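These are the residues of each chain, in order.
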Amino acid sequence: MNPQQQRVVSVIVNGREYTGTVPTRKTLADFLRQDLRLTGTHVGCEHGVCGACTVLLDGQPVRACLLLAVQAHGARLETVEGLAAADGTLHPLQQAFQQCHALQCGFCTPGLLMTLKAFLQENPAPTAEEVREAIAGHLCRCTGYLHIIAAALQAAAQLRGERA
Amino acid sequence: MKPPRFDYYDPHSLDEALALLARYGPEAKVLAGGQSLMPLLNMRLVAPAALVDLNRLPDLAYVRVTPAGLALGALARQRQVERAEAVVQGWPLLAAALRYVGYPQIRTRGTVGGSLAHADPAAELPAVMLALEARLVLSSQRGRRTLPAAAFFLAPLTTALAPDELLCEVQLPPLPPRTGHSFQEVSRVWGAFALVGAAALVTLDDAGRCQQARLALTGVGPVPQRASAVEAALAGEPLDAERLRQAAALVEQDLNPESDVHASAAYRRHLARVLAQRTLQAAWRRAQEAQKA
């Protein structure tokens, strides 16, 4: 194996360890989808603009299309597959998206959910304006964004333990 | 696979990284945050023989206050810099401008040094470095040299970096007391590159006159520019809104923007004047507050 062309990559995704041999030029998004079969992470523009592939790398939101899989070696990743509880109970963000009609086709949803998960951990009581800035790096062609902002605020209230 | 084939290296020391750059020269690309390089690779607009990834060099990810000011390592992330208390307190212009760079998810990975080395003519940070009179430390196996930011940007996507050199540190001198700042830009949507952006610093003297004004613009030419006619018209002068408006209008003497698909030259000139006025006003207000404090 030429280490400049191919590497063994070990990552922890949603608490589970995965190891695979990947070409060094493979993006993290393609590694997640094609090698690990975690197809919840969507791939849209593949140059960092649309936000669909956003995942958490050691807790921070990043574009999986702008990272090489080899760069994630040793890292802890979170993807949309890890949001719901083991028994299928949806995460408060997912529940709020459903209740507020914050998705239609669902293509942008995984990325938005991951960005908002990290954002609400950092800022548990955001204003609508702060939510707008947080999700500016995501394109949604269905909702017009207003329902996404409403869902984020509702989930924030629920995560704070308030009744929305 | 999206990117073309390349040899990937993740050196574990700066010496190792510099040796790789010496070996590959113009055939190598340095991968820092990757937020500009990875799109170019994914679109196959670049096809380097080797990629030298700095991300296994955490020693370069520093934001440090030194006797000479602030030092940012090559791997200092934009988000990290934006939030560093030393930056917010001592170099608030940089923190303010970083908010306009891409999106939070981009700034998580993107580095300050990477943005400068990429030298996009519409990027925010190159203009900010001109305003802050940054000094850039370039390293290679041949040694180290330090360049003022004004000598670093040569043409769109082209800098003074030799093929075997790495931009390893950005140094910002401290700002004088009674200095106010402002960064503003106009872009088509939040997070997009600026059509035009302006960075202003206004320093007042004891009597409240303008001791020094600095104004740097992005998006108005092949490289970021200081607006020297505007700065000269304000130095030593008592300030009021009208004088700032008149000085800002001189920005058109300093610039010669070109038309492109995003905006006409006339619109860019208009934006430059408006943003010059707004940023100078805002910086002046902050300088007055600093004077009272």
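Residues take numbers from 1 onward in each chain, read along the sequence in its written order. To read the labels, note that chains go from A and ligands from 1, taken in the order they are written. Restriction of local features to residues with pLDDT of at least 70 applies here, the model being predicted, together with a cutoff of 80 or more for giving and counting side-chain atom pairs; totals for whole chains, interfaces and linings are based on all residues. Side-chain figures throughout are based on the complete set of non-hydrogen atoms in the structure, without hydrogens or water.

### Observations regarding the nonpolar core
In these notes, a set of buried Ala, Val, Leu, Ile, Met, Phe, Trp, Tyr and Cys residues joined through side-chain atoms within 4.5 Å is what counts as a nonpolar core. Remark: exposure states derive from per-residue accessible area (1.4 Å probe, protein chains only) relative to the maximum for the residue type, with buried under 20%, exposed over 50%, and partly exposed in between. Core analysis: the largest hydrophobic core is formed by 40 residues, its most contacted members being Leu94(B), Leu116(B), Met129(B), Phe152(B) and Leu172(B). For the purposes of this entry, the term helix denotes a DSSP run of H or I that reaches at least four residues, the term strand denotes a run of E that reaches at least two, and both are numbered from the N terminus. Elements supplying a minimum of two residues to this core: β5 (69-73), α5 (92-98), α7 (112-118), α8 (124-132), β6 (135-140), β10 (166-172) and β12 (196-204) of chain B. Among the elements that line this core, the one with the most residues is α8(B), at 7 residues. Looking at which domains feed residues into this core, each of domain 2 (58-172) and domain 3 (179-292) of chain B gives three or more. Formed by 36 residues, the second largest nonpolar core is a distinct cluster that contains Leu38(A), Val62(A), Leu31(B) and Leu51(B). Note that domain bounds follow an automatic or database assignment of domains.

### Examining the domain arrangement of chain A
Residues and elements named next belong to chain A. Each assigned domain of chain A is listed with its residue range as follows: domain 1 (6-82) and domain 2 (92-159). For domain 1 versus domain 2, the separation of C-alpha centres amounts to 21 Å. Should any heavy atoms of two residues lie within 4.5 Å, those residues are considered in contact. Between domain 1 and domain 2, the contact holds 17 residues from the first and 13 residues from the second. For the pairing of domain 1 and domain 2, the buried interface totals around 1200 Å² over both sides, and the portion due to carbon and sulfur atoms is 61%. Salt bridge, as applied in this entry: a Lys or Arg side-chain nitrogen positioned within 4 Å of an Asp or Glu carboxyl oxygen. Taken together, the links from domain 1 to domain 2 amount to 1 salt bridge. One salt bridge connects Lys117 with Glu78, and the closest N-O pair in it is separated by 2.5 Å. Elements with a contribution of two residues or more to the side of domain 1 that touches domain 2: β3 (54-57) and β4 (60-63). Three categories are distinguished: nonpolar for Ala, Val, Leu, Ile, Met, Phe, Trp, Tyr, Cys and Pro, charged for Asp, Glu, Lys and Arg, and polar for the others, with Gly belonging to the last. Classifying every residue of the side of domain 1 that touches domain 2 by side-chain character gives 8 nonpolar, 7 polar and 2 charged. A quick way to say it: buried area is the sum, across both parts, of accessible area lost when two parts are put together, with a 1.4 Å probe.

### So, the sheet that holds strand β13 (residues 210-218) of chain B
Residues and elements named next belong to chain B. Only when DSSP finds a minimum of two bridges between them are two strands counted as paired. As summarised here, the arrangement of the 4 strands in space is β11-β12-β13-β14, forming an open sheet in which the pairing is antiparallel. The open sheet has two edge strands, β11 (179-186) and β14 (225-226), and neither has a second partner. Bridge count for β11 against β12 is 8 bridges, and the pairing is antiparallel. Counted as the bridge partner of Ser182 is Ala200 from β12. Against the sheet, α8 engages β11, β12, β13 and β14, with an angle of about 160 degrees to β13. Structural elements are reduced to axes, namely lines fitted to C-alpha atoms, with helices fitted over the stretch in contact, and the angle between N-to-C directions of any two is expressed from 0 to 180 degrees. Of the strands in this sheet, β11, β12 and β13 are in contact with helix α12 (residues 265-292), which crosses β11 at around 150 degrees.

### Considering the interface of chain A and chain B
Contacts between chain A and chain B engage 35 residues on the former and 32 residues on the latter. Regarding the contact of chain A and chain B, the summed buried area is about 2900 Å², with carbon and sulfur atoms giving 52% of it. Of all residues in chain A, Arg25(A), Leu66(A) and Glu133(A) bury the most surface against chain B, accounting for 26% of the area lost on that side. For the pair chain A and chain B, the interface holds 5 salt bridges. A salt bridge links Glu46(A) to Lys2(B), with the shortest nitrogen-to-oxygen separation between them at 3.7 Å. What qualifies as a polar contact is a pair of N or O atoms within 3.5 Å, subject to a donor-acceptor requirement within protein and to the restriction that residues adjacent in sequence count only when both atoms come from side chains. Across the chain A-chain B interface, the total number found is 15 residue pairs in polar contact (both at pLDDT 80 or more). Of all the secondary-structure elements, those providing two or more residues to the side of chain A that touches chain B are β3, β4, α3 (109-122) and α4 (128-134) of chain A. If you tally residues by element for the side of chain A that touches chain B, the top one is β4(A), at 4 residues. Its residues placed into classes, the side of chain A that touches chain B shows 13 nonpolar, 14 polar and 8 charged.

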